[in-house]
Amino acid sequence: MIGTGYVGLVTGTCFAEVGNDVLCLDVDARKIAALNDGGVPIHEPGLAPLVERNVAAGRLRFTTDVDASVAHGALQFIAVGTPPDEDGSADMRYVIEAARGIGQRMQAPKIVVDKSTVPVGTADRVQAAIAEELAVRGIDLHFAVASNPEFLKEGAAVEDFMKPDRVVVGASDERAIAALRAVYAPFMRNHNRFLVMDLRSAELTKYAANAMLATRISFMNEMANLADHLGADIEMVRQGIGSDPRIGYHFLYPGVGYGGSCFPKDVKALQHTATRHGHPLELLAAVESVNEMQKHVLIDKIVARLGGDLSGRSFALWGLAFKANTDDMREAPSRVIVEALAARGATIVAYDPVAMDEARRVFGEAPFLSYADSPLAACDGADALVVVTEWQEFRSPDFDEIKRRLATPLAFDGRNLFQPAAVRAAGLEYFGIGRP
């Protein structure tokens, strides 16, 4: 498993859990040292005990030794990062470097699997890079390249991997297909969810899936903002349209916009690919634009209620991670909200169950931001409560206690966690997203 980031670590650990012998490679020596010492560098429910158990069993190991990595596996999964370039395209240098490393060292046939989220056509580039390195060495060894995109939700990645709703494999080599079918067989005992297609279709499937989910989020945010103007209740609308089986309820929750490492990056990368091929995606441009504006919706509501000058005001912020059950703050709406409040002179007291260390890394020693030990402690003396992340522990708070602690009885609910009537019954003014 080349790469021990989010995808590589979860994938390698879950493969080891069903009995495979997995060696995870990373060039980050500190990360490998931490993993070998029993540390897990990401917050993902259920992952740490799986890592510990499989390391103890000898099925899961970590190394910085590329030679050992290439020699170890008949299956070589590339799960390195593909960060966005300035133009929005995916930076493929790490994927190609991994491919060249395999070509430079392989002494036996290999099946190379692209697990990273990569643009359409990447498998061809990986194939060419390995072939070039073999030609330089004057060696003729069989290898095959397959695409096996990941569909893991942060916060539920272990469950998603162990009980997949589908496993997509793009390949033309029958031996590669057979090998991947075998390695995924333990995860498909109930019924087959193994989908084989051509390489380019598999590569596009990943981007199309994330683009569709991002579209649903931006659509609901647009409807919620319209509901605000019309006096409608977006929660009632959500139930009304979600009950249609053609639509369903998933990803129909309005809020303060999507973030994280996948949707923003993948929407941009797909737009870049489409534009490069002379077919810009107008819909995705709108999805992205709506999402960026949505991150400011709570600020607009706060300014409308308290005015544009927030000097001397303090806000209790519940949630820093871009979503619940993770400490990931990449592209998180909280970053926009904190910076916008600070720019207007406010101070913020934040609480998040797991992301406060990451927030300290992101914001540094910012004088406008401090951290509380509990959700209620963040409310002490604050001029308003601002809810940004949908953590379970935020869903049923003591509203009477919140009112007692706040200097001003205001609640801005960016995830529609609360029932407006219950909040108002405690004497708080309530502002949601598309709630009357």
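See the structure printed just above.
Computed from a predicted model, the values in this text were never measured in an experiment.

Peer 1: I'd like to hear about the overall build of the protein, residue by residue, with values.
Peer 2: Counting secondary structure elements, the protein contains 18 helices and 13 strands. Against the globule reference of 22 Å for 436 residues, the protein gives a C-alpha radius of gyration of 24 Å, in line with a compact fold. The principal-axis extent of the C-alpha atoms belonging to the protein is close to 75 × 45 × 45 Å. Counting all 436 residues of the protein, 53% fall into the buried class. A separation of at least 24 residues holds for 73% of the contacts in the protein among residues at least 6 apart in sequence. Within the structure as shown, the protein displays about 19,100 Å² of accessible surface, and the carbon and sulfur contribution to it stands at 53%. Charge separation in the protein, taken as the distance between the mean sites of 44 positive and 57 negative side-chain charges, equals 3 Å.

Peer 1: Which residues make up the environment of Ile32, and what values go with them?
Peer 2: Mapping Ile32 onto the fold places it in helix α2 (residues 29-36). Separated by 131 residues in the primary sequence, Ile32 and Lys163 have C-alpha atoms spaced 27 Å apart. Apart from residues no more than four positions distant in its own chain, Ile32 is found in contact with Thr4, Cys24, Asp26, Phe62, Thr63 and Thr64.

Peer 1: Give me the lowdown on helix α12 (residues 282-294), citing residues and values where you can.
Peer 2: One turn of the α-helix equals 3.6 residues, which is why residues spaced by three or four share an orientation. Here α12 spans 18 Å end to end across 13 residues, near enough to the 18 Å set by a 1.5 Å rise per residue. If you check which residues of α12 are buried, you get Leu284, Val287, Glu288, Val290, Asn291 and Gln294. End-on, the buried residues of α12 take up no more than an arc of 160°, which puts them together on one face. Exposed residues pointing more than 90 degrees away from the buried face of α12 are listed as Glu282 and Met293. Where α12 is buried, its residues meet α9 (199-230), α11 (263-276) and α13 (297-306).

Peer 1: Which residues make up the environment of Gly345, and what are the values?
Peer 2: Take Gly345: it is sitting in the loop between α14 (333-343) and β9 (347-351). Relative accessible area serves as the criterion here: at 33%, Gly345 is assigned to the partly exposed category. C-alpha of Gly345 to C-alpha of Gly308: the two residues are 37 residues apart in sequence and 9.4 Å apart in space. Ignoring anything within four residues of it in the chain, the contact list for Gly345 reads Leu310, Ser311 and Gly312.

Peer 1: Account for empty space enclosed by the protein, with residues named and values stated.
Peer 2: A full pass over the atoms with the stated rule returns 2 cavities of 30 Å³ or more. Taken as a whole, the largest cavity encloses approximately 40 Å³ of empty space. Taken together, Asp114, Ser116, Thr117, Val118, Ser147, Pro149, Ala202, Glu203, Lys206 and Tyr207 make up the lining of the largest cavity. Among the elements that make up the lining of the largest cavity, the one with the highest residue count is α9 (4 residues). When its residues are assigned to classes, the lining of the largest cavity shows 4 nonpolar, 3 polar and 3 charged. Approximately 30 Å³ is the volume found for the second largest cavity. Looking at the second largest cavity, the residues that line it are Tyr258, Pro264, Val267, Lys268, Glu288, Asn291 and Glu292. Listed by contribution, the elements that provide at least two residues to the lining of the second largest cavity are α11 and α12. Class assignment of the residues belonging to the lining of the second largest cavity gives a composition of 3 nonpolar, 1 polar and 3 charged.

Peer 1: Tell me about the pattern of salt bridges, and name the residues and values.
Peer 2: As enumerated under the stated definition, the model contains 28 salt bridges in all. The shortest N-O distance in the salt bridge between Asp244 and Arg246 comes to 2.7 Å. The buried category is assigned to Asp244, whose relative accessible area is 19%. Counted as one network, the salt bridges with shared partners bring together Asp380, Glu401, Arg404 and Arg405.

Peer 1: Go over the nonpolar core with me, naming the residues and quoting the values.
Peer 2: Residues Phe315, Leu317, Trp318, Leu341, Leu385 and Phe418 are the most contacted members of the largest nonpolar core, which totals 61 residues. Top contributing element to this core by residue count: α13, with 5 residues. Cys14, Ala16, Ile177 and Phe187 belong to the second largest nonpolar core, which has 38 residues in total.

Peer 1: Please set out the pairing of strand β11 (residues 384-387) residue by residue, giving values where relevant.
Peer 2: Burial of β11 is two-sided: the residues Ala384 and Val386 facing one way and the residues Leu385 and Val387 facing the other way are all buried. For strand β8 (residues 314-318) and β11, the ladder comprises 4 bridges, and the chain directions are parallel. Each residue of the ladder has a partner; that of Ala316, found in β11, is Leu385. Summarising the sheet, β11 and strand β12 (residues 410-413) pair through 3 bridges and their orientation is parallel.

Calculation rules
Residues numbered from 1 in each chain as written. Predicted model: local features only at pLDDT ≥ 70, side-chain atom pairs only at ≥ 80, totals over all residues. Heavy atoms only, no water. Helix = DSSP H or I, 4+ residues; strand = E, 2+ residues; numbered from the N terminus. Rg over C-alpha atoms; globule rule 2.2 N^0.38 Å. Buried < 20%, exposed > 50% of the residue type's maximum accessible area, 1.4 Å probe, protein only. Contact = heavy atoms within 4.5 Å. Areas by Shrake-Rupley, 256 points an atom, 1.4 Å probe, with all protein chains shown as cover. Lys, Arg positive; Asp, Glu negative; His and termini not counted. Charge placed at Lys NZ, Arg CZ, Asp CG, Glu CD. Expected span 1.5 Å × (residues − 1). Arc of directions from axis to C-beta. 1 Å grid on protein atoms, 1.4 Å probe; cavity = no way out; pocket = protein on both sides within 12 Å on 5 of 7 lines; lining within 4 Å. Points joined across faces, edges and corners; volume = space filled by probe spheres on them. Nonpolar A, V, L, I, M, F, W, Y, C, P; charged D, E, K, R; others polar. Salt bridge = Lys/Arg side-chain N within 4 Å of Asp/Glu carboxyl O. Core = buried A, V, L, I, M, F, W, Y, C linked by side-chain atoms within 4.5 Å. Pairing = 2+ DSSP bridges.

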